[in-house]
Amino acid sequence: KESRAEKFQRQHMDPDTSTVTASYCNEMMKRRNMMVGQCKPVNTFIHEPLHKVRAICFQGNVRCKNGQSNCHQSSSKMRITDCRLKKGSKYPKCDYETQQLQKSIIVACECVQYEIVHFDGSV
Ligand code: T3P
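Small disclaimer: the values here were computed from a predicted structure and weren't measured.

### Re the site of the ligand
Okay, step 1: Around the ligand lies a shell formed by Q11, H12, K40, V42, N43, T44, K65, H118 and F119.
Okay, step 2: Here H12 contributes a side-chain N or O atom positioned 2.6 Å from an oxygen atom of the ligand.
Okay, step 3: Surface burial for the ligand is 67%, taken as the share of its 470 Å² of free accessible area covered by protein chains.
Okay, step 4: Looking at the shell around the ligand, the elements that each hand over two or more residues are α1 (4–12), β1 (42–46) and β7 (115–122).
Okay, step 5: Ranked by residue count, the leading element in the shell around the ligand is β1, at three residues.
Okay, step 6: Per-class residue counts for the shell around the ligand are two nonpolar, five polar and two charged.

Here it is in structure tokens:
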């Protein structure tokens, strides 16, 4: 079974991409299995090496949106791409807007090996 840490990496990690094209989200949301049963409304991909993302678990501690206390905000900006479902787009034709950004990101960490298990947002 896929672990929570593996799921985070499938949904949010894409370290080897530096520039994205307009069709990036449509291709990646499909390739990473986020168009199964429904279109995932919002999803962020992170274009940084995994060790840099894992290091966020040792940076500023913040409260998660769900009230848990294990979220951490990156001290530096990260290269990310936000994928947002376009209005009127209906499953199975999931059509996404692709937006490349540089923002600080917030992730949830679990103490075993400081694995990241959740993407909470970007600011
Ligand atoms: P997951 O927990 O499967 O990673 O917040 C609901 C979902 O939306 C959550 O999915 C994370 C995802 N999300 C992003 O990927 N980027 C964002 O900027 C926000 C706000 C949510």
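That shown, we press on.
### Concerning the sheet that holds strand β6 (residues 105–110)
Okay, step 1: Reading across from one edge, β2-β3-β6-β7 is the order of the four strands in this open sheet, with antiparallel pairing throughout. Whereas interior strands pair on both sides, the edge strands pair on one side only; in this sheet they are β2 (61–62) and β7.
Okay, step 2: As judged from the three bridges shared by strand β3 (residues 71–73) and β6, these two strands associate in the antiparallel manner. Directly across from C71, in β6, lies its bridge partner A108.
Okay, step 3: Relative to the sheet, α1 contacts β6 and β7, its axis offset from that of β7 by approximately 45 degrees.

What counts as what
Residues numbered from 1 in each chain as written. Predicted model: local features only at pLDDT ≥ 70, side-chain atom pairs only at ≥ 80, totals over all residues. Heavy atoms only, no water. Near = heavy atom within 4 Å. Polar contact = N/O pair within 3.5 Å; in protein donor to acceptor, adjacent residues only side chain to side chain. Areas by Shrake-Rupley, 256 points an atom, 1.4 Å probe, with all protein chains shown as cover. Helix = DSSP H or I, 4+ residues; strand = E, 2+ residues; numbered from the N terminus. Nonpolar A, V, L, I, M, F, W, Y, C, P; charged D, E, K, R; others polar. Pairing = 2+ DSSP bridges. Contact = heavy atoms within 4.5 Å. Axes fitted to C-alpha atoms, helices over the stretch in contact; angles between N-to-C directions.

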